Amino acid sequence: IPSRSDVEAAITAANAAQDPYIVAVSEAVVCGFARLTTFRSGSGYAKTKELTIHLHPTARGQGLGRRLLDALEEHARATNVATLVAGISATNSTALNFHTKLGYVECGRIARAGFKFDHHIDLVLMQKIL
């Protein structure tokens, strides 16, 4: 879980890059966030963005993830982004199924790219051409 200062820094960076950082609030409690970030440095990748969506466990299954992703895709289209990429832990079947259902396809897998819960995990890259 990111600290408050980490989130503030991420929002500041998003504003500087003119990328969205959307915070979902219900009854004065943060229940999730979504953002677009630079996929890779270099002007050749300017039309590709990486997306991130995180929901509090109690906010899952209520359509919030879909609404956040729709907002990210709408912003991406409005700013001439051509491709969105999501990096998802291979063990996160819920996120993999969610993205697949919404038109994302697996385009790569990086073995042992992450380390969580005391073991290495593969990173699945999924993309959607807008």
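What comes next concerns the included structure. (Residues numbered from 1 in each chain as written. Predicted model: local features only at pLDDT ≥ 70, side-chain atom pairs only at ≥ 80, totals over all residues. Heavy atoms only, no water.)

Okay, the sheet that holds strand S1 (residues 21-26) next. What the six strands build is an open sheet, ordered S1-S2-S3-S4-S6-S5; its pairing is mixed. Since the sheet does not close on itself, it has two edges, and those belong to S1 and strand S5 (105-116), each with one partner. When strand polarity is set aside, the average angle formed by the axes of neighbouring strands in this sheet is 25°. Relative to strand S6 (residues 119-129), strand S4 (residues 83-89) is paired through seven bridges, and the arrangement is antiparallel. Across the sheet, residue Val85 finds its bridge partner in S6, namely Gln127. The sheet strands contacting helix H2 (residues 64-78) are S1, strand S2 (29-38), strand S3 (48-55), S4 and S6, and the helix crosses S3 at an angle near 160°. (Pairing = 2+ DSSP bridges. Helix = DSSP H or I, 4+ residues; strand = E, 2+ residues; numbered from the N terminus. Axes fitted to C-alpha atoms, helices over the stretch in contact; angles between N-to-C directions. Contact = heavy atoms within 4.5 Å.)

Moving on: the packing of aromatic side chains. Per the stated rule, a full pass over the model turns up two aromatic pairs. Taking the centre distance of 5.4 Å and the plane angle of 5° together, the rings of Tyr21 and Phe33 count as stacked. Pair noted here: Tyr21 is in strand S1 and Phe33 is in strand S2, with a separation of twelve residues, a long-range link. (Phe/Tyr/Trp six-rings, centres within 6.5 Å; stacked < 30°, edge-to-face > 60°.)

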